[in-house]
Amino acid sequence: MHGRRLPVTLAIVTLIAALLASGTGCSAPVETDTDTVQLVTTILPLGDFAKQVGGDRVNVTVMVPAGASPHTYEPTPGQMIAVSGADVYVKAGSGIEFELIWMDKLIDQNRDMTVVDCSEGITIMNGDPHIWNSPVNASLMVETICDGLIMIDPSGKDVYRSNCEDYKSQLAELDRNVRESFSEATERYFMMYHPSFGYLASQYELTQIAVEYEGKSPTPQVLQDVIDLARTHNLNYLFVDAQMSPFEAEGVAEAINAQIVTVDPLPADYISSMKEVAAAIATELE
């Protein structure tokens, strides 16, 4: 991801978290069930995967909350406390900006926690960090999370493996449904303001036209190229991320006479949201 800005609150957040964790601050950390695996992850989809696999054996904390952007989000003192007490951190590992800026600091906060990298076994395409936005990739990431939980909590192996296989079956069904929804399309282009669904496009032989260029607002030439492509392929919709203001996309939508449609690349309920995304894109392909 692009447009990185260094956090200005790092020293303050780290100091507060250290004081609270050591019991010298104004309040003590919340007591937790020691039999429950304390898991922290970066984004909501990974949180959903972890909950699906871990069930009641795992307590999940997500760093970037609903509506926030991984481009700019900075952790709160409470989240730093959660990291200090975590058994495992599940990271995307694909170049999410939050992880590029904060991962080393989070590890420094808790050297004892296991770090699970969900990008293992997945090819990163053109620096695109949105690897989870493909049911096939999601299944691989769920398997990686399962292996990580078994490593730190071997007594839960049977539970984790059973939950993992059940959720992977649901993801396989999602894959079949999404593939079917695109199967009759002859024009296979769709336009995203931010290129969040490149892996979805690649998996189902679609072409994602992105307005943003290398994570930046388009230059006049790039914008003209995008408008020409939209007209060539008779595109009727401009898809925007739920985490961004539609105002940024209004000029482009007006130029190509397209309707703005919001989709969520960072959902808390992965399967439900991916069905909605696929249905929205399928409408463009009709």
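Residues numbered from 1 in each chain as written. Predicted model: local features only at pLDDT ≥ 70, side-chain atom pairs only at ≥ 80, totals over all residues. Heavy atoms only, no water.

A. Just the environment of Cys118, in detail. Among the secondary structure elements, Cys118 is positioned in the loop between β4 (114–117) and α5 (135–152). Sequence separation between Cys118 and Leu140 is 22 residues; the distance between their C-alpha atoms is 8.0 Å. If sequence neighbours within four positions are ignored, Cys118 has contacts with Leu46, Val90, Lys91, Ala92, Ile131, Met141, Thr144 and Ile145. (Helix = DSSP H or I, 4+ residues; strand = E, 2+ residues; numbered from the N terminus. Contact = heavy atoms within 4.5 Å.)

B. Quick look at the side chain of Thr144. With respect to the secondary-structure elements, Thr144 resides in helix α5. Assessed through its relative accessible area of 13%, Thr144 is described here as buried. The residues contacting Thr144, other than those within four sequence positions of it, are Val116, Asp117, Cys118 and Glu120. (Buried < 20%, exposed > 50% of the residue type's maximum accessible area, 1.4 Å probe, protein only.)

C. Structural view of the packing of aromatic side chains. Overall, the coordinates contain seven aromatic pairs when judged by the stated rule. With a centroid separation of 6.4 Å and 25° between ring planes, the pair formed by Phe98 and Trp102 is classed as stacked. One end of the pair is Phe98 and the other is Trp102, both in helix α4 (residues 97–109) and four residues apart, which spans about a single turn. With respect to burial, Phe98 and Trp102 carry one shared label: buried. Pairing Phe190 with Phe239 gives two aromatic rings, centres 6.5 Å apart and planes at 75°, and the pair type is edge-to-face. Highlighted residues: Phe190 in strand β5 (residues 189–192) and Phe239 in strand β7 (residues 237–241), separated in sequence by 49 residues. Using a relative accessible area of 1% as the deciding quantity, one classes Phe239 as buried. In this structure an aromatic cluster arises from ring pairing among Phe49, Tyr167 and Tyr270. (Phe/Tyr/Trp six-rings, centres within 6.5 Å; stacked < 30°, edge-to-face > 60°.)

D. Layout of the sheet that holds strand β2 (residues 58–62). Read from one edge of the open sheet, four strands run β2-β1-β3-β4, paired in parallel fashion. With partners counted over all chains shown, the strands left at the sheet margins are β2 and β4, one partner each. Taken pair by pair, the neighbouring strands of this sheet meet at an average axis angle of 25°, ignoring direction. The sheet contact formed by strand β3 (residues 88–91) and β4 spans four bridges and is parallel. (Pairing = 2+ DSSP bridges. Axes fitted to C-alpha atoms, helices over the stretch in contact; angles between N-to-C directions.)

E. The arrangement of the pattern of salt bridges in detail. In total, this model carries eight salt bridges according to the counting rule given. Note that Arg111 and Asp108 form a salt bridge whose closest N and O atoms lie 2.3 Å from each other. Judged by relative accessible area, Arg111 falls into the exposed class, the value being 64%. Among the residues examined, Asp108 registers a relative accessible area of 47% and is labelled partly exposed. (Salt bridge = Lys/Arg side-chain N within 4 Å of Asp/Glu carboxyl O.)

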